[in-house]
Amino acid sequence: MSAEAEYGPKELQLDIPSAARAYDYFLGGAHNFEADRAFAEQVRAMVPWVPDVAKLNRSFLRRVVGYLLDQGVDQFLDLGSGIPTVGNVHEIAQERAPGARVVYVDYEPVAYKYARTLLAGDPNTAIIQADVRDPAAVLDAPETRELIDFSRPVGLLMVGLLLFIGPQDHPAELVRTYRERLAPGSYLAISHIADEHAPAELRAQVATLVAAYAQANEHVYVRERTEIESWFGGMEMVEPGVVFLPDWRPETPEEAQNAARPLGYGGVARQL
């Protein structure tokens, strides 16, 4: 990343749509505003499968957290967590492991303020308002240092994050910087939008989606599987590797039959 880059939390602007709040709306959440809902409906009118991809992504996150709990991981760093709607990481983790620790990170002010209220009174969870492109601000934050023991395995979650990280911010270097703090036995989970195997009609709609987000000053980057796989280089991939989101350890056949199936990849790998 450029040494001249300046990163930091966003300021609250309720009249400008936010990707995090639109995502909350697509998931059926209530922590969004008129501008977000108008933008989301505009996008859905042009690209009707967007809510399906959002739900596939959330389902992937749930299955990943469950898998990591099965491997004995009980602490999670969720980067670009967005607004913690129903089915968030600490709810999933603490239902099975009451002492599980979770640190959420997002720079969107509504996500931060709502999460602070939601997490009040839970000593094992916290949210940091920080830009994930500044790893030091995340990894050295007091909340992270208090809750996450990097000498033990950690579940590092980059679910639906890197599609908002452009080439100018060097996503491979960013992932590597976070990975350098992980102890052996830690896991990295990534999900990302894709269209390389989608039918022509869906690929055209992905281009429409990218353009719509750009007009709202929210830039989305579509990548291919080979680049996403490269971010796991040197780690031990968890079967079945980097696959379409509903194909990663599906729990029901219906998940793998979703029409939005070829529009996102997900994968998990273990730190050696």
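Preceding block: the structure.
Below or above, wherever it landed, is the structure these notes cover. Residues take numbers from 1 onward in each chain, read along the sequence in its written order. Under the rules for a predicted model, residues below a pLDDT of 70 receive no local features and side-chain atom pairs below 80 are neither given nor counted, while totals for whole chains, interfaces and linings still include all residues. Side-chain numbers come from the whole structure's heavy atoms, not from hydrogens or water.

## Description of the overall build of the protein
The helix and strand inventory of the protein stands at eleven helices and eight strands. Taking 19 Å as the expected radius of gyration for a compact globule of 272 residues, we find that the protein reaches 17 Å, a close match to that expectation. Taking the principal axes of the C-alpha coordinates as reference, the protein spans close to 45 × 40 × 40 Å. For the protein, the proportion of its 272 residues judged to be buried stands at 53%. In what follows, a contact means two residues having at least one pair of non-hydrogen atoms within 4.5 Å. Long-range pairs, those at least 24 residues apart, make up 73% of the contacts in the protein with a sequence separation of at least 6. Carbon and sulfur atoms provide 50% of the accessible area of the protein, an area that totals close to 12000 Å². His is not counted, nor are the chain ends; Lys and Arg add positive charge and Asp and Glu add negative charge. Charge positions come from single atoms, namely NZ of Lys, CZ of Arg, CG of Asp or CD of Glu. Averaged over its 24 positive side-chain charges, the protein has a centre that lies 3 Å from the centre of its 39 negative ones. Only DSSP runs of H or I covering at least 4 residues are called helices, and only runs of E covering at least 2 are called strands; the numbering of each starts at the N terminus. Here the radius of gyration uses the C-alpha set of atoms, whereas the globule reference equals 2.2 Å times the residue count to the power 0.38. Burial here depends on accessible area, computed with a 1.4 Å probe over protein chains only, as a share of the maximum for the residue type. Under 20% is buried, over 50% is exposed, and the range in between is partly exposed. Accessible surface area values rest on a Shrake-Rupley calculation with a 1.4 Å probe, where residue burial reflects the displayed protein chains alone.

## Here's the deal with the pairing of strand 3 (residues 125-129)
Burial analysis of strand 3 places four of its five residues in the buried class, which makes it a mostly covered element. Of the strand pairs in this sheet, strand 2 (residues 101-106) and strand 3 are connected by five bridges, and their pairing is parallel. The residue of strand 3 that forms the bridge with V105 is I128. The handedness of the strand 2 to strand 3 crossover, carried by helix 5 (residues 109-119), is right-handed. Two strands pair if DSSP finds at least two bridges between them. When the strands point away from the viewer, a crossover counts as right-handed if the route from the first strand across the helix to the second turns clockwise.

## Let's talk about the side chain of Q205
Note that Q205 resides in helix 9 (residues 200-215). Residue contacts for Q205: discarding those within four places in its chain leaves M46, V47, P48 and W49.

## Describing the packing of helix 2 (residues 34-46) against helix 9
It is at 10 Å that the axes of helix 2 and helix 9 come closest, and there the two elements cross at 160°. It follows that helix 2 is roughly antiparallel to helix 9 by the angle criterion. The chirality of how helix 2 crosses helix 9 is right-handed. Contacts between helix 2 and helix 9 pair F39, V43 and M46 from the former with Q205, T208, L209, A212 and Y213 from the latter. Residues are grouped as follows: Ala, Val, Leu, Ile, Met, Phe, Trp, Tyr, Cys and Pro are nonpolar; Asp, Glu, Lys and Arg are charged; all remaining types, including Gly, are polar. Grouping the constituent residues of the contact of helix 2 with helix 9 by class yields six nonpolar, two polar and no charged. To get an axis, a line is fitted to the C-alpha atoms, and for a helix only the part in contact is used. The angle between two axes follows their N-to-C directions and goes from 0 to 180 degrees. Just so you know how the angles are binned, under 35 degrees is roughly parallel, over 145 roughly antiparallel, 65 to 115 roughly perpendicular, and the rest oblique. Note on convention: near helix rotated counterclockwise from far helix by under a right angle means a left-handed crossing. Clockwise means right-handed.

## Quick look at the environment of I228
Positionally, I228 belongs in helix 10 (residues 225-230). When the C-alpha atoms of I228 and D78 are compared, they prove to be 18 Å apart, with 150 residues separating the residues in sequence. Beyond its immediate stretch of four places on either side in the chain, I228 contacts I190, H192, R223, V242 and Y265.

## What to know about helix 1 (residues 19-26)
Most of helix 1 is tucked away, with six of its eight residues classed as buried. Buried within helix 1 we find A19, A20, R21, A22, D24 and F26. Taken from the residues just after helix 1, G28 is the one with a positive phi, measuring 90°.

## Comments concerning the pairing of strand 8 (residues 264-270)
Along strand 8, six of the seven residues are buried, which leaves the element largely enclosed by surrounding structure. As defined by bridge partners, strand 5 (residues 187-193) adjoins strand 8 across seven bridges and the pair is classed as antiparallel. The partner of Y187 across the bridge, within strand 8, is R270. Pairing of strand 6 (residues 236-237) with strand 8 involves two bridges; the strand directions are antiparallel.

## Focus: unusual backbone geometry
The omega torsion across E239 and P240 is 10°, close enough to zero to call that bond cis. Within the element layout of this structure, P240 appears in the loop between strand 6 and strand 7 (243-244). For H170, which is not glycine, the phi torsion reads 50° and is therefore positive. Checked against the element boundaries, H170 lands in the loop between strand 4 (155-159) and helix 8 (171-179). H170 gets classed as partly exposed once you look at its relative accessible area, which sits at 37%. A positive phi angle, near 45°, is found at R249, a position not held by glycine. Its location among the elements puts R249 in the loop between strand 7 and helix 11 (253-256). Residue R249 is classed as partly exposed on the basis of its relative accessible area of 37%.

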